[in-house]
Amino acid sequence: MKSTIKICLIKEGKRPIDRRVPLTPEQAAIINEKYTNVTVYFQPSDIRCFSDDEYINAGIMPMDDPSHADILLGVKEVPKEWLIEDKTYLFFSHTIKMQEYNRELLQKIIEKNITLIDYEVLTNPQGARVVAFGRWAGIVGAYNGILTYGKRYNLFELRRARDCFDLKELKSEYAKVDLPPIKIALTGGGRVSKGAMEVLNGMGIRKISPEQFLEENYDHAVYTQLSSMDYHKKKDEGLFNKTEFHNHPERYFSTFLDFTKHADLLIAGAYWDPSQPVLFKQENMLDRSFKIKVIADITCDIEGSIPSTIRPSTIDSPYYDYNQSEGMEEAPFSDEANVTVMAVDNLPCELPRDASEDFGRQLTENVIGALTKNDIDNLVVKNATITKGGKLTSRFSYLQHFVNGK
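Calculation criteria
Residues numbered from 1 in each chain as written. Predicted model: local features only at pLDDT ≥ 70, side-chain atom pairs only at ≥ 80, totals over all residues. Heavy atoms only, no water. Helix = DSSP H or I, 4+ residues; strand = E, 2+ residues; numbered from the N terminus. Rg over C-alpha atoms; globule rule 2.2 N^0.38 Å. Buried < 20%, exposed > 50% of the residue type's maximum accessible area, 1.4 Å probe, protein only. Pairing = 2+ DSSP bridges. Axes fitted to C-alpha atoms, helices over the stretch in contact; angles between N-to-C directions. Parallel < 35°, antiparallel > 145°, perpendicular 65-115°, else oblique. Left-handed = near helix turned anticlockwise from the far one by under 90°. Contact = heavy atoms within 4.5 Å. Salt bridge = Lys/Arg side-chain N within 4 Å of Asp/Glu carboxyl O. Domains from an automatic or database assignment. Buried area = accessible area lost by both parts, 1.4 Å probe. Polar contact = N/O pair within 3.5 Å; in protein donor to acceptor, adjacent residues only side chain to side chain. Nonpolar A, V, L, I, M, F, W, Y, C, P; charged D, E, K, R; others polar. Expected span 1.5 Å × (residues − 1). Phe/Tyr/Trp six-rings, centres within 6.5 Å; stacked < 30°, edge-to-face > 60°.

A. The arrangement of the overall build of the protein in detail. Looking only at helices and strands, the protein features 13 helices and 18 strands. Here the protein has a C-alpha radius of gyration of 23 Å; the compact-globule value for 406 residues is 22 Å, and the two agree. For the C-alpha atoms alone, the extent of the protein along its principal axes is close to 65 × 50 × 35 Å. Going through the 406 residues of the protein one by one, you find that 53% of them count as buried.

Following this line, the structure appears as structure tokens:
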């Protein structure tokens, strides 16, 4: 083991710009103090949500050339030309699902003998992720969903989340929300949906049960949270079984159309696997009973469970209309018959300081110790290591054909 391990917070190079950081200045200082064999540095950057001066004031020294570090921490994919050989990197690589646009990145990582640890697969023994931005995707996604609905119907004006300094400032906008008696359907039961519920509850929108959503009318805005069992049924009329559903989704069909007859706004926060039934199809959206007019698709699965999510939108241009008759995109808020879509795929970037602080806390508590102790047998780190020694690790050997270009 090296006597001193140098960790460098690297500058983000992916476009569009991502202002998040893996560790805040205060968290980096805590690590330096706690671990005598570790020194955290930062590569100067003019785009971070925490300035260089904030790191320096916390006692973190700059490292202009990150090749002097042993472990390099980023957030999004590192540009291929920036990769440094023989180093250990941690970032979201977006390669484990064989994402075509990152094939060359993975090839270059292997070629340069880089040890790649992917945040997305850092999990505890129970399989739960130990570092994630999901809560913040839910918070910003739900806020944007309400904002989009307000803009579509000229009900109220909210500041964009990106224009708020932090969550506290964002919450100050909640009082401006004045909704008619609409019904909001929220899918999911994890970090994303819990983050979304923080916003809906904070705005004073009442939560009701799925049964009440389908059967009762209200004189005020309400929402319901839907888990998989609420909109899936077994083909053989048996009882819903969560384990079976995830292992054998082909045995189930979607009943989500029951909710499309009542929902005005859909906030999609549920993880979706391509082997699972879709929520609804394009032809379903043409039915007169289909009521949804605004969809905030936090999951942003392109051509996935929601047919109107035909592309990701951006923080700068967060909305577009979907013409369900033609199956094509149109200008946002251009036709009352269209469905308006908000499908920003990097939502936490709109509240980068809060999101970074939460992420860095998880990273400090659950991962840094194993990294700094050089604990190669630590399963949290080992199971998230995609490449090592110039090749894929055994757990990710299924990516070999992908790496080979097949």
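B. Examining the sheet that holds strand E8 (residues 206-207) more closely. A sheet is described by the order of its strands in space; here 8 strands give the open sequence E8-E9-E7-E12-E13-E16-E14-E15, paired in mixed fashion. Every interior strand has two partners, whereas the edge strands, E8 and strand E15 (328-330), have only one. Pairing analysis gives 4 bridges linking strand E12 (residues 265-268) to strand E13 (residues 294-297), with the strands arranged parallel. For Leu265, the partnering residue across the bridge sits in E13 and is Val294.

C. Molecular detail of the packing of helix H4 (residues 134-152) against helix H6 (residues 191-202). H6 packs onto H4 with a crossing angle of 45 degrees between their chain directions and a minimal axis gap of 6 Å. Our classification of the angle between H4 and H6 gives oblique. For H4 against H6, the interelement crossing comes out right-handed. Note on element contacts: H6 touches H4 through Arg191, Val192, Gly195, Ala196, Glu198, Val199 and Leu200, opposite Gly134, Arg135, Gly138, Ile139, Ala142, Tyr143 and Ile146.

D. Summary view of the pattern of salt bridges. Going through the model one piece at a time under the given rule, you end up with 23 salt bridges. Residue Lys11 pairs with Asp46 through a salt bridge whose shortest N-O separation is 4.0 Å. Of the two residues, Lys11 is situated in the loop between strand E1 (5-9) and helix H1 (25-34) and Asp46 in the loop between strand E2 (38-42) and helix H2 (52-57); the sequence distance between them amounts to 35 residues. Given the relative accessible area of 67%, Asp46 is considered exposed. One network of salt bridges, with partners in common, ties together Arg159, Glu169, Glu173 and Lys176.

E. Local environment of the domain arrangement of the protein. Domain boundaries assigned for the protein yield domain 1 (5-131 + 353-404) and domain 2 (133-343). Between the C-alpha centres of domain 1 and domain 2 there is a distance of 32 Å. With 13 residues of domain 1 at the contact, the number on the domain 2 side is 8 residues. With both sides pooled, the region where domain 1 packs onto domain 2 buries about 890 Å², and carbon together with sulfur makes up 58% of that total. Our count for the contact surface shared by domain 1 and domain 2 stands at 0 salt bridges. Taken together, the connections running from domain 1 to domain 2 amount to 3 residue pairs in polar contact (both at pLDDT 80 or more). Of the residues assigned to the side of domain 1 that touches domain 2, the class counts are 5 nonpolar, 2 polar and 6 charged.

F. Structural view of the pairing of strand E17 (residues 385-388). Pairing analysis gives 2 bridges linking strand E6 (residues 115-118) to E17, with the strands arranged antiparallel. Looking at E17, one finds that Ile117 is bridged to Thr385. Here 2 bridges tie E17 to strand E18 (residues 391-392), and the two strands are oriented antiparallel to one another. Of the residues in E18, the one forming a bridge with Thr387 is Leu392. Hairpin geometry of E17 and E18 is characterised by an intervening segment of 2 residues between the two adjacent antiparallel strands and by a positive phi of about 65 degrees at Gly389.

G. H4, seen in detail. In this model H4 runs 26 Å from its N-terminal to its C-terminal C-alpha over 19 residues, within 8% of the 27 Å that 1.5 Å per residue would give. Summarising burial for H4: 17 of the 19 residues are buried, a large majority.

H. Summary view of H6. The terminal C-alpha atoms of H6 lie 17 Å apart, and with 12 residues this matches the ideal 16 Å at 1.5 Å per residue to within 8%. Within H6, the full set of buried residues consists of Val192, Ser193, Gly195, Ala196, Met197, Val199 and Leu200. In the segment just after H6, Gly204 is the residue with positive phi, at about 80 degrees.

I. Looking closely at the side chain of Arg160. Examined against the element boundaries, Arg160 turns out to sit in the loop between H4 and helix H5 (167-171). Residue classification places Arg160 among the buried positions, given a relative accessible area of 12%. A distance of 3.3 Å separates a polar atom in the side chain of Arg160 from a polar atom in the side chain of Glu350. Setting aside its immediate chain neighbours within four residues, Arg160 contacts Tyr143, Leu147, Ile315, Pro318, Tyr319 and Glu350.

J. Region of the structure containing the packing of aromatic side chains. Summed over all chains, the structure comprises 19 aromatic pairs. Note on Tyr149 and Tyr153: the rings are 4.8 Å apart at their centroids and 45 degrees apart in plane angle, and the pair reads as tilted. Of the residues examined, Tyr153 reaches a relative accessible area of 27% and is grouped as partly exposed. Connected via pairs of aromatic rings, a cluster forms that spans Phe213, Tyr231, Phe256, Phe259, Phe280 and Phe290.

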